[in-house]
Amino acid sequence: MEGNTTRIIKPRSGDADVKTFTFDYSYWSHDGFVALDNGYLAPENEQFADQKRVFSDLGEGILENAWNGYNCSLFAYGQTGSGKTYSVVGGSANKGILPLFCERLFEDIERKQESAAEGTEFQVSLSMVEIYNEQVRDLLNPQSGRQGGLRIREKVDHGFFVENLLTVPVGSYGDIDSRIQEGTRNRTIAATHMNATSSRAHTIVAITFVQKAMSDGGHTLQKSSTINIVDLAGSERAGNTGAARERLKEGCMINQSLSTLGNVIKALADQGKGVQKSTVLPFRDSVLTKLLKNALGGNSKTIMIAALSPADVNYEETLSTLRFVDRAKAIRVQAVVNESPTSRLVRELQQENMRLQELLSQASYGAEKSSSPASFNEGRAICDVTTRAAAVPLLFPSSP
Ligand SMILES: Nc1ncnc2c1ncn2[C@@H]1O[C@H](COP(=O)(O)OP(=O)(O)OP(=O)(O)O)[C@@H](O)[C@H]1O
């Protein structure tokens, strides 16, 4: 790792076979750390990226987007044991992005609540699912949908969603942390019963953050953000059609979700690069891609973390992970602020008001400067401006 580049050298090739990839960040955390008394792995040199640095680079942005009303998603991709769960969840003193995000969110809420106007409300809720062999399990309510898993449904205005999924309101960091731990425990139990290992299942933690405020006119203004944190199944052998055929022959279910994710990313990347303009994207081909449709191709600001192993025996897997995320870089998403119609109207009217005031001041400056017929156009502009400016206070109270 050097700056934001990642270089991979083929074992026993000398320096003859080197491939270089560039990402927003490239982190090294294999060595160069010292374990503090509390167990925190702190950098011993500049190269080592500790959990705090990763959060500061990636988590802070998610937090900011959440406050601004954008949906955010974070995927951790890579082979088993490469550090996906460590990056996302971490352990004890070395908290990962998810717990650090939750901690900061509640700290911010508490601070804002102290000076918030009457009618301001912040609501946080959590759901947690696991996808294993194309079946969805509710990790906060493992009894539901025991036979065959929960159903995925689709609504025109909501997209895909899990039917009957338990969403729990959480009021503090302690609350959300204990719920996530409960979900994680259920994940392990479910996996043992099915004789699966965690590496064959995907976990999606969805946090919904809603901000409500009262406008001067007594209307409720609302902004919301859904934050999806996705710990993907180990990528080894998946996405490789030869391996898929082999597994089919064995009579095993392949990890359909992960191969479809690869296909969706390839199609989206081709679209992003303008290679392929109109194509049907295969979101419907797996449960994971259905649930993450928004995160991948729609309304979300999305981060993908690729966890890599530096061991030479993992060369092929590491290279394939790098190629996978390199392709994902080309995806372009379209995130918009999720706000209630009233909030949008207020925001748009405020912007319009500012624009009109600016035009007015420019126009009156122009009118002062000249009284000749040449200023007719400016005069017309003033007329237009005043009509529309007058509409602002009229529109406002009658809006829903
Ligand atoms: N950056 C790191 N610093 C210290 N320890 C790490 C780091 N990354 C991973 N580990 C350790 O390596 C082990 C495997 O990591 P982890 O469980 O995160 O892998 P994974 O990719 O999520 O695996 P799986 O796909 O099987 O769930 C864990 O014991 C974890 O604590």
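This text follows the structure it describes.
Now for a description of the structure that goes with this document. (Residues numbered from 1 in each chain as written. Predicted model: local features only at pLDDT ≥ 70, side-chain atom pairs only at ≥ 80, totals over all residues.)

## Quick look at the overall build of the chain
Let me state the cut-off plainly: Only DSSP runs of H or I with at least four residues qualify as helices, and only runs of E with at least two residues qualify as strands; both kinds are numbered from the N terminus onward. Working definition of burial: number of other C-beta atoms within 10 Å of the residue's own, with buried at 20 or more, exposed at 12 or fewer, and partly exposed in between, all C-beta atoms being placed from the backbone. With C-beta atoms placed from the backbone, a contact is any residue pair whose C-beta atoms sit within 7 Å.
Counting secondary structure elements, the chain contains eleven helices and 16 strands. Sorting the 400 residues of the chain into buried and exposed places 32% on the buried side. Here the contacts in the chain between residues at least 6 apart in sequence split such that 64% fall between residues at least 24 apart.

## Focus on the pairing of strand E11 (residues 159-162)
This is how it is decided: Note on pairing: DSSP must find at least two bridges between two strands before they are called paired.
The sheet contact formed by strand E10 (residues 152-155) and E11 spans four bridges and is antiparallel. Across the sheet, the residue bridging to Arg-153 is Phe-161, located in E11. In this structure, the hairpin formed by E10 and E11 is closed by a connection of three residues.

## A word on the pairing of strand E9 (residues 135-138)
When strand E8 (residues 121-132) meets E9, the two strands line up antiparallel, connected through four bridges. Paired with Val-129 across the bridge in E9 is Asp-138. Linking E8 back to E9 in an antiparallel pair, the connection comprises two residues, with Asn-133 at a positive phi of about 50°.

## Structural notes on the packing of helix H1 (residues 51-67) against helix H3 (residues 97-114)
Spelled out, the test is: Axis definition: a line fitted to C-alpha atoms, over the contacting stretch in the case of helices. Angles run 0 to 180 degrees between N-to-C directions. Reported orientations rely on four angle classes, namely roughly parallel under 35 degrees, roughly antiparallel over 145, roughly perpendicular from 65 to 115, and oblique for the rest. Take the far helix as your reference; a near helix turned counterclockwise from it by less than a right angle gives a left-handed crossing, and one turned clockwise gives a right-handed crossing. Note that Gly is not counted as nonpolar here; it falls among the polar residues with everything else outside the nonpolar set of Ala, Val, Leu, Ile, Met, Phe, Trp, Tyr, Cys and Pro and the charged set of Asp, Glu, Lys and Arg.
Between H1 and H3, the shortest axis-to-axis distance is 10 Å and the interhelical angle comes to 50°. The pairing of H1 with H3 is recorded here as oblique in orientation. Like other packed secondary-structure pairs, H1 and H3 cross with a definite hand, here right-handed. Between H1 and H3, the residues in contact are Val-54, Phe-55, Leu-58, Gly-59, Ile-62, Leu-63 and Ala-66 and Ile-97, Leu-100, Phe-101, Arg-104 and Leu-105, respectively. Partitioned by chemical class, the residues of the contact of H1 with H3 number ten nonpolar, one polar and one charged.

## Regarding the nonpolar core
Stated formally: Put simply, a nonpolar core is a cluster of buried Ala, Val, Leu, Ile, Met, Phe, Trp, Tyr and Cys residues tied together by C-beta atoms within 7 Å.
Counting 70 residues, the largest nonpolar core has Leu-74, Ile-97, Leu-98 and Ile-305 as its most contacted members. Once residues within four sequence positions are removed from consideration, Ile-97 is found in contact with Val-54, Phe-55, Leu-58, Gly-59, Leu-74, Ser-87 and Val-88.

## Focus on the packing of helix H6 (residues 256-272) against helix H9 (residues 315-328)
Viewed as axis vectors pointing N to C, H6 and H9 meet at an angle of 45°, and their least axial separation amounts to 8 Å. By the criterion of interaxial angle, the relationship of H6 to H9 is oblique. Every residue of H9 that contacts H6 at Gly-262, Ile-265, Lys-266 and Ala-269 is listed here: Phe-324, Arg-327 and Ala-328. Of the residues in the contact of H6 with H9, the class split is four nonpolar, one polar and two charged.

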